[in-house]
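Now for the letters of each chain:
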Amino acid sequence: MTATAPAPAGERAPAASGRLRRLLLGPDHDPRWARPALWAVLIAAALLYGWGLSDAGNANTYYSAAVKSGTQSWKAFFFGALDAGSYITVDKPPMALWVMGLSSRVLGFGTWSLLLPQVIAGVAAVAVLYATVRRAFGHAAAVTAAGVLALTPITVAINRDNNPDTLLVLLLVAAAWACQRAIDTGRNSERDTQRDTGHDTGHGTGRLRWLLLAAFLVGCGFNTKMLQAFLVVPAFGLAYLVAARPGILRRVLHLLAAGAVLAASSLWWVLIVDLVPARSRPYIGGSTDGTAWDLVIGYNGLGRVFGENGGGPGGRGGPGGGGGFGGQAGAGRLFNDILGGQISWLIPFAVLALAAGLVLLRRRPRTDTARAALILWGGWLAVHYVIFSFAQGTFHPYYSTAMAPAVAALTGGGAVLLLRAHRRSAAWAWALPAGIAATGAWAFVLLDRTPDWHPWLRWLVVAATVLAVAALLAGRFVRRAGPRAAVAGLVLAAVAGLAGPGAYAASAASTTPNATNPLAGPSTGNGFGMPGGRGGPSSAPPGMPSGRPGAMPGGAGGPDGQDGPGGQRPPWQTGDQNGPGQNGGGQNGRGPRMGSGGPGGFGGGPGGQADAKLISYLEKNRGGATWLVAVSSAQEASSIILRTGQPVIAMGGFTGSDPAMTVAKLQRYVQDGKLRYIMLGGRMGPGGGAGSDVTAWVQKNGTPVSATEYGSSSETTGDTTGTGLYRLG
C-alpha cells in the first residue's frame, strides 16, 4: 500500500485561499454579485436582530426562569420545568429551552446567553431560505426572498426575544430545504425538459433520506411548539406526492416512512414524560391532568384552534374566544390594525405570484422543481392563513412569523417568474406591474393607519410605486426606453415593496424588546395585547380594560400575553418596580410597564420584581425546604427565581389556573419538609393558583405572617383578607 505524501505548504495555502474565496464570493459558476448580496442580507439581519439586546434584561421572564432552573438541575432541564425543584413545567415542550440552557451553561446565565441563540437562529433561517429558493428559482429570487424574510417586521421583533418561535421557524425552513432536496435530487429543472415516466432513476435512496430528514426536522419543531409545527406537513406531503420523481406507489411508501419518522421524532419526549410516574415528574403546565399528551391536544392543540372549549387551560383565549391579542377571528385578521403592519405587506403580491406562477408553469413536467416549490410554499402559506385567521383560541401577532418564510419565498420566486413573463409575453406584461401597484397601494393603506409616524414614508412609497410601474411598462413597450428603464423599474419596485416593512423592522431594532407581546413599528390597532405602551383608551375592544398592554381583564399580562379569566391583583401588587430592560416602557418607551409589585409582595408580570425584604425573610427562614415559597402563578414565581436562583412553586402554572396543587400534595410537601411558606392570593383572586380546598386548608392549618415581620410597611395579613404569606408546619 503506497502512502500519499502530504501536499507542500505552498500548495495548501492556495487551496485554503480558494475555499475562503468561494465562501466569500461563491462558486465560479455563480453570478459575481450573488454571494456578496447574500452576505449583505445576513449582516443586515444580524444587526436588526442583535442591536441593543443588552438592554433586554431577562427578556421573557417565564422562559428565562425555566432556562436558569435548567442550568441548576438536569431534571428541570429535561422536563422544561419552571423551577429547579421541578414542581411544574412551562406550557411548551422544552427544545427551545434546551438551546438557551446549553448556551447558558457554557456562557453563564445572562441576557446574551439567552438571546444570542435567537439571533443566530434568525440569521440561519435567512441563509437556509436563500439556499432553498435558489434551488428552484435562481440567485435573484433567493436574494430577494432572503431580504424579505430578514425585513419582515414581526420576524425582527420575535428574533429579539426568547420565545420559541424563532427556533421553530429555523427548523421548518430547514425542513423545507430537505423536502425540496428530496423532490429534485438528481436532476436540474432548468435542463429537465423530458416528460416524467413515473420511474425512479437510481436516486431513490438519496431522495428518501432527504424526505426523512425533513420529517425529523418537523418533529424537532413539534418539540419546540407542538402542533403548530405540523401546519407545514400538508404542503410538504402534497409537493412530494405531486412532483417527486419516483412512481406513485413508491412516493406513497416514502411518505408513509416519513410519517413514521415524524411520529417518532415528535412524540418521543411526550411518551417518556408520560411514562415517568406522576410523583417523580413535574406537573405539565397548561394541561388539565398533568400529562404531556393533554398539553398536546388541549392547550397547544385544539384549544388554540377552537378556543375555550378546545380543552382545559389550553382553550383559554380572549374574552368570548376569538384570540383577542391578534384581533377577532375572520378572513381579514392578518390584515387588521394589529397584524397588518407585522406580516401582511407582501401577502397580496405573494398570492398573485403564486396564482400566476402556477398558470405559467402549468405545461411543465410533473417533476418540475419550480412548480414543486410553488406548491410547497403556496401550501405553507394557505394552511397558515386559514388556521391563523380563523383560530378561536389565544392568538398572538408574533405567531404569524411562521408565515414569513412562505411569503418571502413566493415573493422572490414569483417576482422572477413574473419578470420573465413580462419580458417574453405581451399578454403577461401587465402582471408584474399590477402586482407592484397592489403592493404599493396596500403599503400606503398600512402606513396611513399611523399618519403621524414618518408621514413622508407613505408618499415615498406612492411615488416609487407609480414610477416603478411606469418604468416597467416603458421598458416593455417603448423601444427608446430600453433595458435601463426596466432596471430602474425593478429598483423602484424594491423600494415600494420594502420601504414600509423595512421602517417597521428598523423601529423594532431600535427599541428595547418587548418580551410580553413582541411587535414592530408604531402604535396601531384597537385590540388589546398591544406591545408595551401601545395601550390607551382606544387600545381595548368593547368591554375590555385599556391602558395596560398585553393584559386581560384585571391582571398583569403574562409572557405569552395572557391572564387568567377573572384575574385580579392581590393587595401587595400596588407599585411598579420594573427596571430598564425588563419591558420598561415597552415599544418606543411609551406607556405603563409590565409587572407590578409593591411592598409586601411579588411582581405580577414578566420582569416584575419581588419585594426585597420579603425575599430576605424567606431565605433566612427557609431552613432545609426544597422550595423557597409557593405562589399563585408563574408570573409571581419567575421574578423570584431570576432574582434569587432558588426554586419557587407556581401553584397554578402560567396563568394561575392549572389544577397542579392539591391538598394531598401540599400536605406531603409540608410533612417532608420541602415547603415552609405559601403566599395565597394573586392573579386568580383570593385563592391564587390554589383551589378553594387548598386555600381553606392553608387558612386552617397555616400561620399568617404579618408584613411587619419581614420589615414591610404594609399590614396585609392572612388574618383579615384571606390572602398573604402563611407559615406551614
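Not measured: the values here are computed from a predicted model.

Comments concerning the overall build of the protein chain
Then step 1. Within the protein chain, the secondary structure is distributed over 25 helices and 5 strands.
Then step 2. Here the protein chain, with 729 residues, has 61% of them falling under the buried criterion.
Then step 3. Considering only intrachain contacts with a sequence separation of at least 6, the fraction spanning at least 24 residues in the protein chain is 70%.
Then step 4. Per element, the accessible surface of the protein chain, about 26,700 Å² overall, is 62% carbon and sulfur.

A look at the pairing of strand 5 (residues 724-727)
Then step 1. Taken together, the 4 bridges between strand 3 (residues 677-680) and strand 5 define a ladder with antiparallel strand orientation. Paired with Tyr677 across the bridge in strand 5 is Arg727.
Then step 2. Alignment of strand 4 (residues 703-704) against strand 5, held across 2 bridges, turns out to be antiparallel. Counterpart to Pro704 in the pairing with strand 5 is Tyr726.

Some words on the nonpolar core
Then step 1. Counting 179 residues, the largest nonpolar core has Leu82, Phe236, Trp377, Trp380, Leu666 and Leu725 as its most contacted members.
Then step 2. Sort the elements by how many residues they give to this core and helix 9 (residues 165-184) lands first, with 14 residues.
Then step 3. Core analysis: the second largest hydrophobic core is formed by 13 residues, Phe349, Leu418, Ala468 and Ala493 among them.

Points about the pattern of salt bridges
Working definition: two side chains of opposite charge can pair if their charged atoms are close together.
Then step 1. Taken as a whole and judged by the stated rule, the model has 7 salt bridges.
Then step 2. Of the charged contacts, one joins Asp448 and Arg458 as a salt bridge, the two residues approaching to 3.1 Å between their closest N and O atoms. Taken together, the residues span a long stretch of sequence, with Asp448 in helix 18 (residues 431-448) and Arg458 in helix 19 (residues 455-477) at a distance of 10 residues.
Then step 3. Taking relative accessible area as the criterion, Arg458 reaches 11% and is therefore assigned buried.

Overview of the environment of Ser510
Then step 1. Tracing the backbone through its elements, the reader meets Ser510 in the loop between helix 20 (482-509) and helix 21 (612-621).
Then step 2. For Ser510 and Trp51, which are 459 residues apart along the polypeptide, the C-alpha to C-alpha distance reads 7.2 Å.

A closer look at the layout of surface pockets
Then step 1. Considered as a void within the structure, the largest pocket measures approximately 690 Å³ in volume.
Then step 2. Lining the largest pocket are 24 residues, with Thr144, Ala415, Leu490, Ala493 and Ala494 sitting closest to its centre.
Then step 3. Secondary-structure elements contributing two or more residues to the lining of the largest pocket are helix 7 (139-151), helix 17 (404-424), helix 18 and helix 20.
Then step 4. Taken together, the residues that form the lining of the largest pocket break down as 18 nonpolar, 6 polar and no charged.

Some words on empty space enclosed by the protein
Then step 1. Applying the stated criterion across every chain yields a total of 8 cavities of 30 Å³ or more.
Then step 2. By volume, the largest cavity amounts to about 80 Å³.
Then step 3. In this structure, the largest cavity is lined by Val148, Leu151, Thr152, Pro153, Ile343, Trp345, Leu346, Ala404, Val407, Leu498 and Pro501.
Then step 4. Contributions of two or more residues to the lining of the largest cavity are made by helix 7, helix 17 and helix 20.
Then step 5. Here the lining of the largest cavity is built from residues that sort into 10 nonpolar, 1 polar and no charged.

Thoughts on the packing of aromatic side chains
Then step 1. Going through the model one piece at a time under the given rule, you end up with 22 aromatic pairs.
Then step 2. The interplanar angle of 85 degrees and the centroid separation of 6.3 Å between the aromatic rings of Tyr87 and Trp627 together place this pair among those described as edge-to-face. One end of the pair, Tyr87, is in the loop between helix 4 (74-79) and helix 5 (95-107); the other, Trp627, is in the loop between helix 21 and strand 1 (630-631), with 540 residues separating them in the sequence. For the pair shown, Tyr87 and Trp627 are each scored as buried.
Then step 3. Both rings, one in Trp98 and one in Trp268, keep their centres 6.0 Å apart while their planes meet at 35 degrees; by these two values the pair is tilted. Of the two residues, Trp98 is situated in helix 5 and Trp268 in helix 12 (residues 248-275); the sequence distance between them amounts to 170 residues.
Then step 4. On the basis of relative accessible area, Trp268 is assigned to the partly exposed category, the value being 33%.
Then step 5. One aromatic cluster in this structure is built from Trp74, Phe77, Phe78, Phe79, Trp98 and Trp268.

Brief notes about the packing of helix 16 (residues 369-390) against helix 17
Then step 1. At their nearest, the axes of helix 16 and helix 17 sit 9 Å apart, and the two run at 140 degrees to each other. Judged on the interaxial angle alone, helix 17 and helix 16 are oblique. The two elements helix 16 and helix 17 meet at a crossing, and its hand is left-handed. Between helix 16 and helix 17, the contacting residues are Leu374, Trp377, Gly378, Trp380 and Leu381 on the first element and Pro405, Ala406, Val407, Ala409, Leu410 and Leu417 on the second.
Then step 2. Residue classes in the contact of helix 16 with helix 17 are distributed as 10 nonpolar, 1 polar and no charged.

Considerations on the confidence of the model for the protein chain
Then step 1. Confidence along the protein chain averages 82 in pLDDT terms, with 78% of residues attaining 70 or more.
Then step 2. When mean pLDDT is taken per element in the protein chain, helix 4 scores highest with 98 and helix 25 (residues 718-721) scores lowest with 41.
Then step 3. Contacts for the low-pLDDT stretch residues 186-203, under 50 throughout, to residues beyond four places or in other chains number 32 contacts.
Then step 4. Note on residues 715-722: pLDDT is under 50 here. Beyond four places in sequence and across chains, it has 19 contacts.

About the thresholds
- Counting restarts for each chain, with residues numbered from 1 along the sequence as it is written.
- Local features are withheld for residues below a pLDDT of 70 in this predicted model, meaning they are given only at 70 or higher, and side-chain atom pairs are given and counted only at 80 or more; totals for whole chains, interfaces and linings count all residues.
- Hydrogens are left out, water is left out, and the side-chain values use all remaining heavy atoms of the structure.
- Every helix listed is a DSSP run of H or I at least four residues long, and every strand listed is a run of E at least two residues long, numbered separately from the N terminus.
- Burial status follows relative accessibility: with a 1.4 Å probe on protein chains alone, a residue under 20% of its type maximum counts as buried, one over 50% as exposed, and anything between as partly exposed.
- Two residues form a contact once any of their heavy atoms are found within 4.5 Å.
- For the accessible areas, the method is Shrake-Rupley and the probe is 1.4 Å, while residue cover comes only from the protein chains on display.
- At least two bridges found by DSSP between two strands is the condition for calling them paired.
- For our purposes a nonpolar core is just a set of buried Ala, Val, Leu, Ile, Met, Phe, Trp, Tyr and Cys residues, chained together by side-chain atoms within 4.5 Å.
- Each reported salt bridge corresponds to a side-chain nitrogen of Lys or Arg within 4 Å of a carboxyl oxygen of Asp or Glu.
- In this analysis a 1.4 Å probe is tested at points of a 1 Å grid over the protein atoms alone, and where it fits but cannot get out there is a cavity; an open set with protein on both sides within 12 Å along at least five of seven lines is a pocket; lining residues have an atom within 4 Å of a point.
- Grid points are joined across faces, edges and corners, and a volume is the space filled by probe spheres set on the points.
- For this classification, the nonpolar set comprises Ala, Val, Leu, Ile, Met, Phe, Trp, Tyr, Cys and Pro, the charged set comprises Asp, Glu, Lys and Arg, and every other residue, Gly included, is treated as polar.
- Only Phe, Tyr and Trp rings are paired, with Trp represented by its six-membered ring, and only when their centres lie within 6.5 Å; those with planes under 30 degrees apart are stacked, over 60 edge-to-face, the remainder tilted.
- Only the stretch in contact is used when a helix axis is fitted, and all axes are lines through C-alpha atoms; the angle between N-to-C directions ranges over 0 to 180 degrees.
- Working definition: roughly parallel below 35 degrees, roughly antiparallel above 145 degrees, roughly perpendicular at 65 to 115 degrees, and oblique for all remaining angles.
- Less than a right angle of anticlockwise turn of the near helix away from the far helix marks a crossing as left-handed, whereas a clockwise turn marks it as right-handed.
- Confidence of the predictor in every single residue is expressed as pLDDT, which spans 0 to 100.

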